[in-house]
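Here is how the chains run, residue by residue.
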Amino acid sequence: HEATLRHPVEPVPVTYDLEPPLLPGHQAILLRNGEPETDMALDWPYRGAHELVVEVRNAEGRVLIRSEPVTVFVHRPSVLLRPGARSGGGGTE
């Protein structure tokens, strides 16, 4: 919780512990900021805070259990801070 991911360039896997294990027909779903992800990974997450929750759903899609939210922060340098960039106005020179 509240960890910082610095410059992730590959998908960041998300793991969870579940006791008892999933039953047949159940699945675990990763939600990032309330939206379901296609995998248990953050694929090229944008900079800033991300709230992660894992839900266990039955075959009908009903939520059976949900984890406490975990917040992670993604740090990416701004393109405005790249070498040679000037701070200040947004115009061209």
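Quick notes on the rules
The numbering scheme is per chain: residues are counted from 1 as the chain's sequence reads. Where local features are concerned, this predicted model is filtered to residues with pLDDT of at least 70; where side-chain atom pairs are given and counted, the filter is 80 or more; whole-chain, interface and lining totals use all residues. To get the side-chain values, all heavy atoms of the structure are used, and hydrogens and water are removed first. Helix numbering and strand numbering both begin at the N terminus, where a helix is a DSSP run of H or I of at least 4 residues and a strand a DSSP run of E of at least 2. For the exposure calls, accessible area comes from a 1.4 Å probe over protein chains only, and a residue counts as buried if that area is under 20% of its type's maximum, exposed if over 50%, partly exposed in between. In what follows, a contact means two residues having at least one pair of non-hydrogen atoms within 4.5 Å. Using a 1.4 Å probe, the Shrake-Rupley method yields the accessible areas, and only the shown protein chains count as cover for residues. pLDDT gives the predictor's per-residue confidence on a scale running from 0 to 100.

## A word on the overall build of the chain
Consideration 1: Of regular secondary structure, the chain possesses zero helices and eight strands.
Consideration 2: Tracing the chain from N to C terminus, the helices and strands come up as β-β-β-β-β-β-β-β.
Consideration 3: Per-residue burial for the chain yields a buried fraction of 25% across its 93 residues.
Consideration 4: By sequence separation, contacts in the chain at least 24 residues apart represent 56% of the contacts at least 6 residues apart.
Consideration 5: Accessible surface, the chain: about 7100 Å² in total, of which carbon and sulfur atoms supply 54%.

## Here we look at the confidence of the model for the chain
Consideration 1: Counting all residues, the mean pLDDT for the chain is 85, and 83% of those residues have values of 70 or more.
Consideration 2: Taking the mean pLDDT of every element in the chain, the minimum, 84, falls on strand 1 (residues 3-6) and the maximum, 97, on strand 3 (residues 27-32).
Consideration 3: Under a pLDDT of 50 for its full length, residues 89-93 has, in the predicted model, one contact with residues more than four places off or in other chains.

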